[in-house]
Amino acid sequence: MSRRPLIAANWKMHKTVREAVDYAGELVPRVRDVTDVDIVLAPPFPALPALVDALADLAAAGRIAVASQNVHAEPHGAFTGEVSPPILQASGVTLAIIGHSERRRLFGETDSGVNAKTRAAAAAGLTPIVCVGETLEEREADRTFDVLDRQIAQGLAGLPPARAGGAVVAYEPVWAIGTGRVASPDQANAAHRRIRGRLATLFGDAAGGACRIIYGGSVKPGNAAALMAQPHVDGALVGGASLDPVAFAEIVAASRPRAQPS
Ligand code: PEP
């Protein structure tokens, strides 16, 4: 099955509203002609509406979209400091990153919490980008697949198969995030193949074949093409290198599907 590449920028806690709008102005001319890659920008919460406005033309054409970096699992209520999926959806946000390893490690997010957020986001019409990945210790103990199996089964539990197929899974080995140490294309593909098999077992072959599984962890312009050439790698979640619109546009360009031999 051919899956459309998706390249997402996770800006983390970087960029003011003004900087986000300036970035959009730099990025748009560089990706205007890219019609075969889905581009996603995930800024800090305050910049979401401004970025939705700044990207409105390309967003209307379905070519670029804005994501939140987190959501709350409840639709509304007394949850000071939190933002719900319906509030995000009403602001023009269409995807939500959920369960990033920084949130798991620094903010105590658990698989069951990730699951609640994933179901809430999907119910509100947001596409969840569910992050999974093993630590270095888990990899060295040969537990990578066990960890991925658990995070997929628990994180996506209860999603209807069509929603699971429409979700995005980001495989982000914790040891590769922000470290400059990238998974090899073979390592990434093996993990993605395992995730896809797990999705097919849980949600059926159609969902397993449709779900986009993207790689995250020190993706740069120089290594994106080799990763994207792997059959189970459907895109990238890019942290550090996404802060520069020129570098991010280069990663997008490197991710375009290769012309099929006639
Ligand atoms: C991330 O934080 O999701 C990430 C992949 O970061 P980096 O690209 O900087 O490793």
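That block above? That's the structure.
Criteria and thresholds
- Throughout, residues of each chain are indexed from 1 in the direction in which the sequence is written.
- Per-residue local features of the predicted model are confined to residues with pLDDT of at least 70, and side-chain atom pairs are confined, for both listing and counting, to 80 or more; whole-chain, interface and lining totals are unaffected and use all residues.
- With hydrogens and water stripped out, all remaining heavy atoms of the structure feed into the side-chain values.
- Working definition: helices are DSSP H or I runs of at least four residues, strands are E runs of at least two. Numbering for both runs from the N terminus.
- Note on exposure labels: buried denotes an accessible area under 20% of the residue type's maximum, exposed denotes more than 50%, and partly exposed covers the range between, all computed with a 1.4 Å probe on protein chains only.
- By the convention used here, residues are in contact when the closest approach between their heavy atoms is within 4.5 Å.
- For two strands to be treated as a pair, DSSP must find no fewer than two bridges joining them.
- An axis is simply a line fitted to the C-alpha atoms; with a helix, the fit covers only the stretch in contact. Between two such axes, the angle follows the N-to-C directions and lies from 0 to 180 degrees.
- The term salt bridge refers to a pairing of a side-chain nitrogen on Lys or Arg with a carboxyl oxygen on Asp or Glu at a separation within 4 Å.
- What makes a residue near a molecule or strand is one non-hydrogen atom of that residue sitting within 4 Å of it.
- Between N or O atoms, a polar contact is any pair within 3.5 Å; within protein, one atom must be a potential hydrogen donor and the other a potential acceptor, and residues adjacent in sequence are included only when both atoms are from side chains.
- Using a 1.4 Å probe, the Shrake-Rupley method yields the accessible areas, and only the shown protein chains count as cover for residues.
- Note on residue classes: Ala, Val, Leu, Ile, Met, Phe, Trp, Tyr, Cys and Pro are nonpolar, Asp, Glu, Lys and Arg are charged, and everything else, Gly too, is polar.
- When the strands point away from the viewer and the connection leading from the first strand across the helix to the second strand turns clockwise, the crossover is called right-handed.
- Here, the arc refers to the directions that run from the helix axis to the C-beta atoms.

Undergrad: Whenever I open this one, the environment of proline 44 confuses me. Can you help?
TA: Within the element layout of this structure, proline 44 appears in the loop between strand S2 (38-42) and helix H2 (48-54). The buried category is assigned to proline 44, whose relative accessible area is 16%. C-alpha of proline 44 to C-alpha of isoleucine 214: the two residues are 170 residues apart in sequence and 21 Å apart in space. When near neighbours in sequence (up to four residues on either side) are disregarded, proline 44 contacts Trp11, Lys12, His14, Lys15 and Gln69.

Undergrad: Teacher, can you tell me more about the sheet that holds strand S3 (residues 64-68) here?
TA: The 8 strands lie next to each other as S1-S2-S3-S4-S5-S6-S7-S8, forming a closed barrel whose pairing is parallel. In this sheet, adjacent strand axes meet at a mean angle of 25° when their direction is disregarded. Two strands pair when backbone bridges link them, and strand S5 (residues 127-132) and strand S6 (residues 168-171) are joined in this way by 4 bridges, in the parallel orientation. Its bridge partner lying in S6, isoleucine 129 is registered against valine 168. Strands in contact with helix H13 (residues 245-254) are strand S1 (6-10), S2 and strand S8 (235-238); relative to S1, the strand with the most contacts, it is inclined by about 160°.

Undergrad: How do you make sense of the pattern of salt bridges when you look at a structure like this?
TA: Between side chains of opposite charge, pairing is possible as soon as their charged atoms come close. According to the stated counting rule, one finds 13 salt bridges in the structure shown. Between glutamate 134 and arginine 139 there is a salt bridge whose closest N-O contact spans 2.7 Å. Given the relative accessible area of 0%, glutamate 134 is considered buried. On the basis of relative accessibility, which here comes to 23%, the residue arginine 139 falls in the partly exposed class.

Undergrad: Please clarify how the site of the ligand should be interpreted in this entry.
TA: Not every one of the 14 residues close to the ligand is listed here, only the nearest: Lys12, Glu172, Gly178, Ser218 and Gly240. Here glycine 178 contributes a backbone N or O atom positioned 2.7 Å from an oxygen atom of the ligand. Across the complex, the protein chains shield 97% of the 290 Å² of accessible surface that the ligand would expose by itself. Its residues placed into classes, the shell around the ligand shows 4 nonpolar, 8 polar and 2 charged.

Undergrad: What should I look at first to understand the pairing of S2 in this one?
TA: For a regular strand, side-chain orientation follows a simple rule: the groups alternate between the two sheet faces. Counting buried positions along S2 gives 5 out of 5 residues, so the element sits mostly inside the fold. As paired elements, S1 and S2 share 5 bridges and run parallel to each other. Bridge pairing in S2 links alanine 8 to valine 40. Crossover handedness for the path S1 to helix H1 (residues 17-31) to S2: right-handed. As defined by bridge partners, S2 adjoins S3 across 3 bridges and the pair is classed as parallel.

Undergrad: Please explain H13 as it appears in this structure.
TA: An α-helical turn contains 3.6 residues, so any two residues separated by three or four positions project in the same direction. With respect to burial, H13 is a largely interior element, 7 of its 10 residues being buried. Every buried residue belonging to H13 is among Pro245, Ala247, Phe248, Ala249, Ile251, Val252 and Ala254, and all of these are buried. Buried residues along H13 sit against S1, H1, S2, helix H12 (221-228) and S8. One side-chain oxygen of the residue at the start of H13 lies 3.0 Å from the amide nitrogen of valine 246, identifying that residue as aspartate 244.

Undergrad: What's the story with H12 in this structure? I'm lost.
TA: Taken together, the buried positions of H12 are Asn223, Ala224, Leu227 and Met228. All buried residues of H12 fall inside an arc of 135° around its axis, so they share one side. On its buried face, H12 is in contact with S1, helix H10 (185-203), strand S7 (212-216), S8 and H13.

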